[in-house]
Amino acid sequence: MNKDFDLSNRVAVITGGNGGIGLGMADALVRAGCSVSIWGRNPQKNEQALAQLKTHNAGKVEARICDVSDRSSIEETWRATLGAFGRVDGCFANAGIGGGGRKAFIDRTPEEWRQMFATNLDGVVQVFQLAARHMIERAEKGDAFGRLVPTSSLASISGTARNEHYAATKASLNALVRALGVELARYGITANAILPGWIKSDMTEGIMGNDKFVANVLPRIPMRRFGEPSDFGGIAVYLMSTASSYHTADTLLIDGGYAIY
Ligand code: NDP
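Residues numbered from 1 in each chain as written. Predicted model: local features only at pLDDT ≥ 70, side-chain atom pairs only at ≥ 80, totals over all residues. Heavy atoms only, no water.

By the naming in an unreviewed UniProt entry, the protein chain is NAD(P)-dependent dehydrogenase (Short-subunit alcohol dehydrogenase family), taken from Camelimonas lactis. Regarding the protein chain, the UniProt comment filed under Sequence similarities (unreviewed entry) reads as follows: "Belongs to the short-chain dehydrogenases/reductases (SDR) family." (UniProt positions renumbered as here; feature names shortened; annotations may be inferred.)

Structural data, given as structure tokens:
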């Protein structure tokens, strides 16, 4: 086995790890030996995801209820996770909400903007702040290693007409990793954003059931298929491993070639 990818001494938090892309990443991390704490709001989804992860009989796993749009919920869940594992080496801030249907910018309500930013941006920043403090403290004691990985989106580059609040939160995550990658490099902490293209999940179930959408988009994806959550396993293991130690402040497109085509 290539020891670079043996994660048996590592602990990762994955927000939104109970389904979709987050669970795809969690599954691969656990199989690489990583201990994983998945955070989500839905207890039933948490239990189902936990059962799936446990079948691998590899890294330790736990699931916690957390609402990332609520700072006190993040703080409480962070404390509980640290209590359970003693350390956190990597933080995959993946929880996010979609636009909930397209709408003209001039009709966007302040509450829709607030909820989008509270979840997709504040929910990432707040968990990263706790993680970075913890990782810096460890680095100062000689254990310099940390990984901050938000799930951004192809929409952060393309923008998405009539879903502009979503695109704005994701573009902010790209700027965030560029800033954090530079600021935290001296502590051995890297920050890289993952930018999915069109991936099958609960979030896209509605639109991918639309024949017109499929007929329009699928021919424009060079790989000729939509992405699967499992397509994010390899990148998660790589980013969590020592193999990625010199890779930071980057935005990584996982879109089957869609953006360039
Ligand atoms: P899912 O809807 O399957 O996953 C979203 C996850 O986020 C769920 O686990 C959900 O858990 C969690 N979540 C949502 N809101 C909160 C909250 N307030 N607090 C805690 N957890 C929350 O969709 P995807 O897997 O597709 O989405 C994952 C990420 O990927 C998102 O950030 C999304 O924006 C991004 N993305 C997805 C693309 C796609 O094509 N699918 C494309 C580009 C980016 P629960 O239900 O328990 O709340």
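Next, the rest of the story.
*Asks:* Got a sec to walk through the environment of Ala236? Specific residues and values, please.
*Replies:* The residue Ala236 is located in helix H9 (residues 233-240) in this model. Here Ala236 falls in the buried class, since its relative accessible area comes to 0%. In the structure, Ala236 is positioned 74 residues away from Arg162 in sequence and 31 Å away in space, judged by C-alpha atoms. (Helix = DSSP H or I, 4+ residues; strand = E, 2+ residues; numbered from the N terminus. Buried < 20%, exposed > 50% of the residue type's maximum accessible area, 1.4 Å probe, protein only.)

*Asks:* Could you give an account of the pairing of strand S1 (residues 11-15), naming the residues involved and the relevant values?
*Replies:* Buried residues dominate S1, accounting for five of its five residues. Across five bridges, S1 lies against strand S2 (residues 35-40) in parallel orientation. Counterpart to Thr15 in the pairing with S2 is Trp39. As paired strands, S1 and strand S4 (residues 90-93) are joined by four bridges and run parallel to one another. Bridging from a neighbouring strand, Val13 pairs with Cys91 of S4. (Pairing = 2+ DSSP bridges.)

*Asks:* Run through the sheet that holds S4, naming residues and quoting values.
*Replies:* Taken together, the seven strands give an open sheet; going across it, the order is S3-S2-S1-S4-S5-S6-S7, and neighbouring strands pair in parallel fashion. Edge positions in the sheet fall to strand S3 (61-65) and strand S7 (250-254), since each of these pairs with one other strand and no more. Across the sheet, the mean angle from the axis of one strand to that of its neighbour is 20 degrees, orientation sign disregarded. (Axes fitted to C-alpha atoms, helices over the stretch in contact; angles between N-to-C directions.)

*Asks:* Can you explain the environment of Gly20? Please cite residues and give values.
*Replies:* Within the secondary structure layout, Gly20 lies in helix H1 (residues 20-31). Considering only alpha carbons, one finds Gly20 and Met203, 183 residues apart in sequence, at a separation of 8.2 Å. In contact with Gly20, not counting residues within four places along its chain, are Ser201 and Pro229. (Contact = heavy atoms within 4.5 Å.)

*Asks:* With reference to specific residues and values, describe the packing of aromatic side chains.
*Replies:* According to the stated counting rule, one finds three aromatic pairs in the structure shown. Look at Trp113 and Phe117: their rings are 5.2 Å apart centre to centre, the planes differ by 20 degrees, and that puts the pair in the stacked class. Note that Trp113 and Phe117 are positioned in helix H4 (residues 110-140) at a spacing of four residues, about one turn of the helix. With a centroid separation of 6.0 Å and an interplanar angle of 10 degrees, the aromatic rings of Phe213 and Phe226 are classed as stacked. Pair noted here: Phe213 is in helix H8 (residues 211-217) and Phe226 is in the loop between H8 and H9, with a separation of 13 residues, a long-range link. The same class applies to Phe213 and to Phe226, which are both buried. Joined through ring pairs, the aromatic side chains of Trp198, Phe213 and Phe226 make up one cluster. (Phe/Tyr/Trp six-rings, centres within 6.5 Å; stacked < 30°, edge-to-face > 60°.)

*Asks:* Could you give an account of the packing of helix H3 (residues 71-85) against H4, naming the residues involved and the relevant values?
*Replies:* Closest axis-to-axis distance for the H3/H4 pair is 10 Å, and the angle between their directions is 35 degrees. The chirality of how H3 crosses H4 is right-handed. Listed contacts from H4 to Arg71, Ile74, Glu75, Trp78 and Leu82 of H3 are Gly123, Gln126, Val127, Gln129, Leu130, Ala131 and His134. Looking at the contact of H3 with H4 residue by residue, the classes come out as six nonpolar, four polar and two charged. (Left-handed = near helix turned anticlockwise from the far one by under 90°. Nonpolar A, V, L, I, M, F, W, Y, C, P; charged D, E, K, R; others polar.)

*Asks:* Quick one: what's the story with the side chain of Ser244, residue by residue and with numbers?
*Replies:* Note that Ser244 resides in the loop between H9 and S7. If we ignore the near neighbours within four places in the chain, the residues touching Ser244 are Arg147, Thr190, Tyr238 and Leu239.

*Asks:* Now, about the layout of surface pockets: what can you tell me, with residues and values included?
*Replies:* If you add up the space inside the largest pocket, you get close to 1300 Å³. Those elements that place two or more of their residues in the lining of the largest pocket are H1, S2, H4, helix H5 (155-158), helix H6 (164-183) and helix H7 (205-208). The dominant element in the lining of the largest pocket, judged by the number of residues it contributes, is H1, at three residues. When the residues that make up the lining of the largest pocket are grouped by side-chain class, the tally is 15 nonpolar, 28 polar and six charged. (1 Å grid on protein atoms, 1.4 Å probe; cavity = no way out; pocket = protein on both sides within 12 Å on 5 of 7 lines; lining within 4 Å. Points joined across faces, edges and corners; volume = space filled by probe spheres on them.)

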